[in-house]
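Residues per chain are reported as follows:
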Amino acid sequence: MNSPTNRAGPAIAFVVFGVLCISLNDALIKQLSSGYPLHQIVFCRSFVGLLVSFIFLHFEGGLPALRTEQPLLHTFRGLLVVTANMSYFLALAVMPLADATALFFVAPLFITLLSIPILGEKVGPMRLGAVLVGFIGVVIMQRPWEPSDALPVSRIILLLPVLAALTYALNQLMTRKLGVKAPASTLAIYIQATFLLVSICFFLVAGDGRFATLTSNPSLEFLLRAWVWPAPRDQWVLFAMGVNGALIGYSLSQAYRLADAATVAPFEYIGLPLAVLFGLVMFGELPSWEVWTGITLILASGLFVFFRERIKTRAATPRPVARRH
């Protein structure tokens, strides 16, 4: 029977819904990447998400809850999340959805590995072995045995989801180390505000598309092309993405509030089969054998780390799996 502090059923429902929203968000961004610059998509998504987050804030203490004694920490967290998202979305514009998602899911393995020097945690040989297996999956997906010109995208693009996973992991570890005492809506508002400021800075520097003509790299073109007024249909898509982004943050926060992370976190891995499904249905993408192998190794190693940690420290709260807001 679920205890009041560990309501597994509702928590799992929230995390499954949140991961479904993440998969839909990724697919929509990939769909829009051929017509709009990334910083415009981020601006629209964050603007709407910020408004929705203020609605959530109303029920979690109102405007006084925005006061913080850790403004630098919130700024640092926001910049890390922005870096993680921008890196991931730049890769997503030119990579199959399942490939990018699988590479990003090494974030829990980075968290396990980096918790040793940053948090001073002890990680046993079995978990270290699982981390190694996961990174072998990453290497296989990078296909180092093939020449660069035989790859569908450049090696730099292949590394962007890994960079996103690394910066996301650093965000999680710094938050745990320094501590953040604030409602989930407050954290979401600070992060959405950081996204808005960064996208506005990109608009002021490159919003007219002056730099996009200097490159033929599709990811850089996605980042630097000029802002355009959205078509009527796309206006609704951008609005829906903003609402969807707010629902992601709220659903995942609720999931981890209602139950311990060891119960909730493994269910985030349904994002991998969902990425395969959305990639197939929306873009006609099927993973190669290298990607299937990488997905299998990353999935197995990540789940092993979670369940091994749950067995070793049942009373502790295990670290969460990769989440993008």
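For the structure itself, consult the block above.
Residues numbered from 1 in each chain as written. Predicted model: local features only at pLDDT ≥ 70, side-chain atom pairs only at ≥ 80, totals over all residues. Heavy atoms only, no water.

Visitor: Give a description of the environment of V123 that names residues and reports values.
Guide: Residue position: V123 is located in the loop between α5 (107–119) and α6 (125–142). When the C-alpha atoms of V123 and L113 are compared, they prove to be 7.9 Å apart, with 10 residues separating the residues in sequence. Those residues in contact with V123 that lie beyond four places of it in its chain are T112, S115, I116 and L128. (Helix = DSSP H or I, 4+ residues; strand = E, 2+ residues; numbered from the N terminus. Contact = heavy atoms within 4.5 Å.)

Visitor: How would you summarise a nonpolar patch on the surface if you had to cite specific residues and measurements?
Guide: Residues I200, F203, L204, V205, F211 and L214 make up a contiguous nonpolar surface patch of roughly 590 Å² in combined accessible area. Here L204 is to be found in helix α8 (residues 184–206). (Patch = residues over 30% accessible without salt bridge, like charges linked within 9 Å, V, L, I, M, F, W, Y side chains within 5 Å. Areas by Shrake-Rupley, 256 points an atom, 1.4 Å probe, with all protein chains shown as cover. Salt bridge = Lys/Arg side-chain N within 4 Å of Asp/Glu carboxyl O.)

Visitor: Describe the environment of A246, naming the residues involved and giving the relevant values.
Guide: By the element assignment, A246 lies in helix α10 (residues 232–258). Distance in space between the C-alpha atoms of A246 and L51 is 8.8 Å, their sequence separation being 195 residues. Contacts of A246, omitting those with residues within four sequence positions, involve G49, V52, S53 and F56.

Visitor: Describe the pattern of salt bridges, with residues and values.
Guide: On inspection of all chains with the given rule, the structure shows 3 salt bridges. When the shortest N-O distance is used, the salt bridge between D208 and R210 registers 3.0 Å. The exposure class assigned to R210 is partly exposed, which follows from its relative accessible area of 46%. (Buried < 20%, exposed > 50% of the residue type's maximum accessible area, 1.4 Å probe, protein only.)

Visitor: If you had to explain the side chain of S87 to someone new, which residues and values would you point to?
Guide: Position of S87 among the secondary structure elements: in helix α3 (residues 71–92). Polar contacts involving the side chain of S87 include one to the main-chain carbonyl oxygen of T83, which spans 2.8 Å. Setting aside chain neighbours within four positions, we find S87 in contact with L160, L163 and A164. (Polar contact = N/O pair within 3.5 Å; in protein donor to acceptor, adjacent residues only side chain to side chain.)

Visitor: Lay out helix α4 (residues 97–104) with the relevant residues and their values.
Guide: Structurally, the α-helix is built with 3.6 residues per turn, so residues lying three or four positions apart point the same way. Across the 8 residues of α4, 8 count as buried, placing the element largely inside the fold. For α4, every residue scored as buried is listed here: L97, A98, D99, A100, T101, A102, L103 and F104.

Visitor: How would you summarise the environment of W289 if you had to cite specific residues and measurements?
Guide: If you trace the backbone, W289 turns up in helix α13 (residues 289–312). Linking W289 and I140, residues 149 residues apart in sequence, is a C-alpha distance of 9.7 Å. Side-chain polar atoms of W289 contact the side chain of E290, separated by 3.2 Å.

Visitor: Give a detailed account of the packing of aromatic side chains, specifying residues and quantitative values.
Guide: Taken as a whole, this structure holds 10 aromatic pairs when the rule is applied. Here Y88 and F104 contribute two aromatic rings whose centre-to-centre distance is 5.6 Å and whose plane-to-plane angle is 65°, an arrangement assigned as edge-to-face. In this pair, Y88 is assigned in helix α3 and F104 in helix α4, connecting sequence segments 16 residues apart. The pair Y88 / F104 is uniform in exposure class, with both members buried. In this structure, K30 is placed above the aromatic ring of F283, and the distance from its NZ or CZ to the ring centre is 5.5 Å. (Phe/Tyr/Trp six-rings, centres within 6.5 Å; stacked < 30°, edge-to-face > 60°. Lys NZ or Arg CZ within 6 Å of the ring centre and 35° of its normal.)

Visitor: A description of the packing of α4 against α6 should follow, citing residues and the corresponding values.
Guide: Axis separation between α4 and α6 bottoms out at 10 Å; the angle between their running directions is 150°. Taken together, α4 and α6 sit at an angle that is classed as roughly antiparallel. Handedness of the α4/α6 crossing: left-handed. Packed against α4, whose contacting residues are D99, A102 and L103, the element α6 presents V138, M141 and Q142 at the interface. Each residue belonging to the contact of α4 with α6 can be placed in one class, and the counts come to 4 nonpolar, 1 polar and 1 charged. (Axes fitted to C-alpha atoms, helices over the stretch in contact; angles between N-to-C directions. Parallel < 35°, antiparallel > 145°, perpendicular 65-115°, else oblique. Left-handed = near helix turned anticlockwise from the far one by under 90°. Nonpolar A, V, L, I, M, F, W, Y, C, P; charged D, E, K, R; others polar.)

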